Structures are given as C-alpha cells and as structure tokens.
Amino acid sequence: MAERPYIVGNWKMNGTRAMLSEARAIDRAAQRYMRAEVAIAPPYTLIHAVHREAEQIGIGAQDCHAGEDGAHTGDISATMVADAGAKFVILGHSERRADHKESNALINDKIASALDAGLRIILCCGESLETREKGGAEEFVLKQLKASLPRIDDAGERLTVAYEPVWAIGTGKTATTKDIEAMHNAIRGLLDDTYGKEQSENVRILYGGSVKPDNAREILSIAEVGGALVGGASLSAESFLGIVVAASETEEA
Ligand code: 13P
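Criteria and thresholds
Residues numbered from 1 in each chain as written. Predicted model: local features only at pLDDT ≥ 70, side-chain atom pairs only at ≥ 80, totals over all residues. Heavy atoms only, no water. Core = buried A, V, L, I, M, F, W, Y, C linked by side-chain atoms within 4.5 Å. Buried < 20%, exposed > 50% of the residue type's maximum accessible area, 1.4 Å probe, protein only. Helix = DSSP H or I, 4+ residues; strand = E, 2+ residues; numbered from the N terminus. Contact = heavy atoms within 4.5 Å. Right-handed = clockwise from strand over helix to strand, strands pointing away. Pairing = 2+ DSSP bridges. Expected span 1.5 Å × (residues − 1).

Trainee: Any details on the nonpolar core? Residues and values, ideally.
Mentor: In this structure, I7, V161 and I187 are the most contacted members of the largest nonpolar core, which totals 69 residues. Counting residues per element, this core draws most heavily on helix α9 (residues 177–195), which supplies seven residues. Every residue in contact with I7, bar those within four places of it in the chain, is listed here: A36, E37, V38, A39, L220, G227, A228, V230, F240, I243, V244 and A247.

Trainee: Pulling in residues and values, what's your account of the pairing of strand β1 (residues 6–10)?
Mentor: Counted residue by residue, β1 has five buried out of five residues, so it is predominantly covered. With burial as the criterion, each face of β1 is covered, one bearing Y6, V8 and N10 and the other bearing I7 and G9. What joins β1 to strand β2 (residues 37–41) is helix α1 (residues 20–32), and the crossover it makes is right-handed. Across four bridges, β1 lies against strand β8 (residues 227–230) in parallel orientation.

Trainee: Tell me what's going on with α9, and back it up with residues and numbers.
Mentor: Between the first and last C-alpha of α9 there are 26 Å, a value that for 19 residues agrees with the 27 Å anticipated at 1.5 Å per step. Three or more residues of α9 are buried, namely I180, M183, H184, A186, I187, R188, L190, L191, D192 and Y195. Looking one or two residues past α9, G196 carries a phi angle of roughly 85°, positive in sign.

Trainee: Go over the pairing of strand β7 (residues 205–208) with me, naming the residues and quoting the values.
Mentor: Going residue by residue along β7, you find I205 and Y207 tucked away on one face and L206 and G208 tucked away on the opposite face as well. Of the strand pairs in this sheet, strand β6 (residues 159–163) and β7 are connected by three bridges, and their pairing is parallel. Each residue of the ladder has a partner; that of A162, found in β7, is L206. Bridging between β7 and β8 involves two bridges; their strand directions are parallel. Within the sheet, the bridge partner assigned to Y207 lies in β8 and is A228.

Below is the structure:
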C-alpha cells in the first residue's frame, strides 16, 4: 500500500457539542499513532468546532448538496462544508442512497461539486444481502463504481473508495476475509483500468461495516484494504483508538 492506512470515523447523525471531548481525545491519539492517517466526519453542526480544536485529524462532511448555492432549504453545499473546515466529503453512502433515494446521477453531480470546492472524496459502494446471496455482489459493486468514478487526472490525491456491504453496516456482521479480498481486488482492477496503475495505487480502498477493535487487525491486514470507514465504533475515542492502533501496527504487513 503506497500510503498510510486511512481510518475514518463516520459519526452519522450522532453528536452534540458534548462529543467534542471525544474528538479531542481522538485527535490526541492520532498524534501518538502517526503511522495511521486518522479522520472523522462529524455531523455538519460540529464540523467547524472540531476543525478549530483538532491539530492532527482530518475533518470531513458526510454529504453535500450538488448545487453551488441558492433556494434549497435545509441543504448544505460543498463550498459551505469546505468553508467550515472540511477537507473531504463522504458521498454515495448506502444510508443516503436508501433514506434519500440518491441515484448514481445525483451522486455524480455531488462529486463534481465537491471536487470544484477543493474537497477530497470518499466514494462509497456496496451490495445488499439479497445481491450477495444471489452471487452478483462483484458485478453490482463494479457497476455502481463505473457509474460514479470521476474522470480526473489526480485520483491518487483526491479519491478514496469505501466498500461497505450494506448488510454489514451496524449489524455486527462482517464479510469474510476471502470475500473482502476478492471485492477489493476487483475494485483495484477497475481503478487500474480507469486511472492507470500509477494513479490507482494511491487510491485507498477502505472497508466498512461493523469494524471494531477486535476485528480491525484481521481486516486491515488484507492486502488491498487501505483502511476502514467506521461507524458505531468511532463514537467513542476508546474504541476508535483500538482500530487506530491496529492500523498503525498493520501498516507494514
Ligand atoms: P458501522 O461501523 O456502525 O457498521 O457503520 C459503518 C458505516 O456505515 C460507516 O460509514
């Protein structure tokens, strides 16, 4: 893996200002474990506050609107999250695809807008349990990605892909090592074809879905796993730190 493992906490719709102490503790831990790159995506309302306090961790948003500005009550643009201190945005998360009926076309527009605002992208993909059981997981995920990978020359700098099987999110179930390896290899093949090997090798492919301190080491030691996108276990500094430590120890595996 060309770069440090990337451990990203997605706080989802969790966190009030009381959670800033967890963000501070995560930031302090990140300063101790520099062999991993650590980031969190808090809710919009905390981005600026975390940005002001954090010295080491990257700060991102969990979504953005596709438009630049205008009459979209309740929405937040990529420019706004960048202005608040975000350096990246998670796009295409399965919860947004499900809860907000986000299509690949809409996700593409959001990616374009985020790139214009200077943000890095974490593009999520992943199949449902039904698709996996039918044996079509790989085809589904590659199709999802083909529809959304941005045509950019600097993918290695700006793009991260996160493979999150929908059935593994928040369920305590994780894909088998063999399945993760096969899917990440397939995604790598697509990235090689799309961007060329030189750019592709700098695009990290994260795994997400019930990553915890006790399974992180095994998952992060899989060859094409370049880090983890962590939901529940990122909400406390203690459990998130367990994953960061595992990442910093598996870096040279
Ligand atoms: P959990 O780690 O809670 O399963 O969530 C994963 C996820 O969706 C991260 O984006």
